[in-house]
Amino acid sequence: MLSIMAAAILRSRGLTSHLLPLAAGFKQSKFRPQGREGAKEKLAGFCQVLEEALVLAHKDLDRLILARELMSRVTAKTRSNSKLPELVDLFLSRPLVTGPLAAKLLRVTPKAVDLMLAQLGGALPRELTGRTRYRAWGIV
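The rules we used
- Residues numbered from 1 in each chain as written.
- Predicted model: local features only at pLDDT ≥ 70, side-chain atom pairs only at ≥ 80, totals over all residues.
- Heavy atoms only, no water.
- Helix = DSSP H or I, 4+ residues; strand = E, 2+ residues; numbered from the N terminus.
- Rg over C-alpha atoms; globule rule 2.2 N^0.38 Å.
- Buried < 20%, exposed > 50% of the residue type's maximum accessible area, 1.4 Å probe, protein only.
- Contact = heavy atoms within 4.5 Å.
- Areas by Shrake-Rupley, 256 points an atom, 1.4 Å probe, with all protein chains shown as cover.
- Axes fitted to C-alpha atoms, helices over the stretch in contact; angles between N-to-C directions.
- Parallel < 35°, antiparallel > 145°, perpendicular 65-115°, else oblique.
- Left-handed = near helix turned anticlockwise from the far one by under 90°.
- Nonpolar A, V, L, I, M, F, W, Y, C, P; charged D, E, K, R; others polar.
- Arc of directions from axis to C-beta.
- Core = buried A, V, L, I, M, F, W, Y, C linked by side-chain atoms within 4.5 Å.
- Polar contact = N/O pair within 3.5 Å; in protein donor to acceptor, adjacent residues only side chain to side chain.
- Salt bridge = Lys/Arg side-chain N within 4 Å of Asp/Glu carboxyl O.
- Pairing = 2+ DSSP bridges.

Participant: Would you explain the overall build of the chain in this entry?
Facilitator: Broken down by element type, the chain carries six helices and three strands. Scaling as 2.2 N^0.38, a compact globule of 140 residues should have a C-alpha radius of gyration of about 14 Å, whereas the chain reaches 19 Å, well beyond that. The 140 residues of the chain split such that 29% are buried. Long-range contacts, defined here as pairs at least 24 residues apart, represent 51% of the contacts in the chain between residues at least 6 apart. Counting only carbon and sulfur atoms, one obtains 58% of the accessible surface of the chain, whose full area is about 9700 Å².

Participant: Would you mind going over the packing of helix α4 (residues 84-93) against helix α5 (residues 99-106) with me for this structure?
Facilitator: The relative placement of two packed helices comes down to the angle between their axes together with the axis-to-axis distance. As a packed pair, α4 and α5 sit with axes 11 Å apart at the nearest point and diverge in direction by 125°. By the angle between their directions, the pair α4 and α5 is classed as oblique. Where α4 crosses over α5, the handedness of that crossing is right-handed. For the pair formed by α4 and α5, the contact residues are E86, L87 and L90 on the first element and A102, L105 and L106 on the second. When the residues that make up the contact of α4 with α5 are grouped by side-chain class, the tally is five nonpolar, no polar and one charged.

Participant: Any chance you could explain the environment of D89 here in plain terms?
Facilitator: With respect to the helices and strands, the residue D89 is situated in helix α4. According to the relative accessible area criterion, D89 is partly exposed, its value standing at 41%.

Participant: What is the right way to look at helix α6 (residues 110-120) in this model?
Facilitator: Burial in α6 covers these residues: V113, M116, L117 and L120. Down the axis of α6, the smallest arc covering the buried residues is 100°, so these residues share one side. Projecting away from the buried face of α6 at angles above 90 degrees are the exposed residues K111, L115 and A118. After α6 finishes, the residue G121 shows a positive phi value of roughly 60°.

Participant: What is the right way to read the nonpolar core from this model?
Facilitator: Where a protein is soluble and globular, its nonpolar side chains tend to be buried together. If you look at the biggest cluster of nonpolar residues, it comprises 19 residues, and the most contacted ones within it are M71, L87, F91, L117 and L120. Secondary-structure elements contributing two or more residues to this core are α3 (39-75), α4, α5 and α6. If you tally residues by element for this core, the top one is α4, at six residues. Among all residues touching L120, those that are not within four sequence positions of it are M71, V74, L84, L87, V88, F91 and P125.

Participant: I tried to follow the side chain of T75 on my own but got confused; where do I start?
Facilitator: Topologically, T75 is positioned in helix α3. In this structure the side chain of T75 is engaged in a polar contact, spanning 3.1 Å, whose partner is the backbone oxygen of S72.

Participant: I tried to follow the pattern of salt bridges on my own but got confused; where do I start?
Facilitator: Taken as a whole and judged by the stated rule, the model has three salt bridges. Here D60 makes a salt bridge to R63, at a shortest N to O gap of 1.8 Å. You can see D60 and its partner R63 sitting in helix α3, three residues apart, about one turn around the helix. Under the relative-accessibility criterion, D60 is labelled buried at 19%. Classification of R63 as partly exposed rests on a relative accessible area of 27%.

Participant: Honestly, the sheet that holds strand β1 (residues 97-98) in this entry has me stumped. Any pointers?
Facilitator: In a beta sheet, neighbouring strands pair by backbone hydrogen bonds and run either parallel or antiparallel. Spatially, β1-β3-β2 is the arrangement adopted by the three strands of the open sheet, whose pairing is antiparallel. Each edge of the open sheet is held by one strand with a lone partner, namely β1 and β2 (126-127).

The quantities given are spatial measurements derived from coordinates; they are silent on function.
Structure below.
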């Protein structure tokens, strides 16, 4: 989970655009390189790791598509000058969104972010911190 979060942070900062969760693929795979296997076994093992990584990436993409569909149902009912669609795009582009970060990037007050989060209702992404003061949300 931590490696997937790190990959998502690197992608959101623009440091890489094609990073697969290879570390998670290694974790899921049964292949463990020992150093004494031949080239054929290493290649087969690495292909197995890539396959696992692609399965994880596909699940991640499905999860993001479902979250976008749920939140877009709410944003379809908003006014044309509403910042709520931008907040939804912010949730989809970053793995972790805090109130002050959203306020800064959307150029609104933190209270406006709280009101937009309340407006999302059931489509709201999961709160990751479990606190009341320094809250952060993400699509997990």
